[in-house]
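Coordinates in review
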Amino acid sequence: AIEQLPPNAACLVTRVSFSVTRAGLEGQLLGATLQHEKPELEHRKSELLQKEEHLKVELAELEKQLLTALADASGNILENEPLIKTLESTKAAASTIAISLAESSRLQV
């Protein structure tokens, strides 16, 4: 169908595949069943997914801050106390986030 469009319109159109996979269909049916049978579980699952996404964004922001701090560092980085403190706090926060993400993944299974 896209091949029939004029060239100037064809570049503005995106082909989207709406194919259904078995895993995707199972997930949708499980969600619908949980929503009907136990809405509190579906609500908790939704909260877990939101928390997981928030943690991933926070981890990406920590990585960005760390790279900025390393790029802005001058001189010997081993003697740069503020940079070392930033590295330690970033490492602690990242490990806490990693543990939370692992726990979230475990609870979703």
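Heads up: the structure comes first, above all this text.
The sections below set out a description of the structure shown in this document. (Residues numbered from 1 in each chain as written. Predicted model: local features only at pLDDT ≥ 70, side-chain atom pairs only at ≥ 80, totals over all residues. Heavy atoms only, no water.)

**Observations concerning the side chain of Thr-90**
Structurally, the position occupied by Thr-90 is in helix α4 (residues 81-108). For Thr-90, a relative accessible area of 9% corresponds to the buried category. Those residues in contact with Thr-90 that sit more than four places away from it in its chain are Leu-62 and Leu-66. (Helix = DSSP H or I, 4+ residues; strand = E, 2+ residues; numbered from the N terminus. Buried < 20%, exposed > 50% of the residue type's maximum accessible area, 1.4 Å probe, protein only. Contact = heavy atoms within 4.5 Å.)

**A word on the environment of Glu-42**
With respect to the element layout, Glu-42 can be found in helix α3 (residues 39-72). Judged by its relative accessible area of 18%, Glu-42 falls in the buried class. Taking the C-alpha atoms as reference, Glu-42 lies 6.7 Å from Gly-31; in sequence the two are 11 residues apart. When neighbours within four sequence positions are excluded, Glu-42 is seen to be in contact with Gly-31, Leu-34 and Gln-35.

**Examining the pattern of salt bridges**
One pass over the structure, following the stated rule, counts 3 salt bridges. One salt bridge in this structure joins Glu-52 and Lys-56, with 3.3 Å as the shortest N-O distance. With a gap of 4 residues between them, Glu-52 and Lys-56 both fall in helix α3, about one helical turn apart. A salt bridge links Glu-53 to Lys-56, with the shortest nitrogen-to-oxygen separation between them at 4.0 Å. Of this pair, Glu-53 and Lys-56 both sit in helix α3, 3 residues apart, which is roughly one turn of that helix. We classify Glu-53 as partly exposed; its relative accessible area is 46%. (Salt bridge = Lys/Arg side-chain N within 4 Å of Asp/Glu carboxyl O.)

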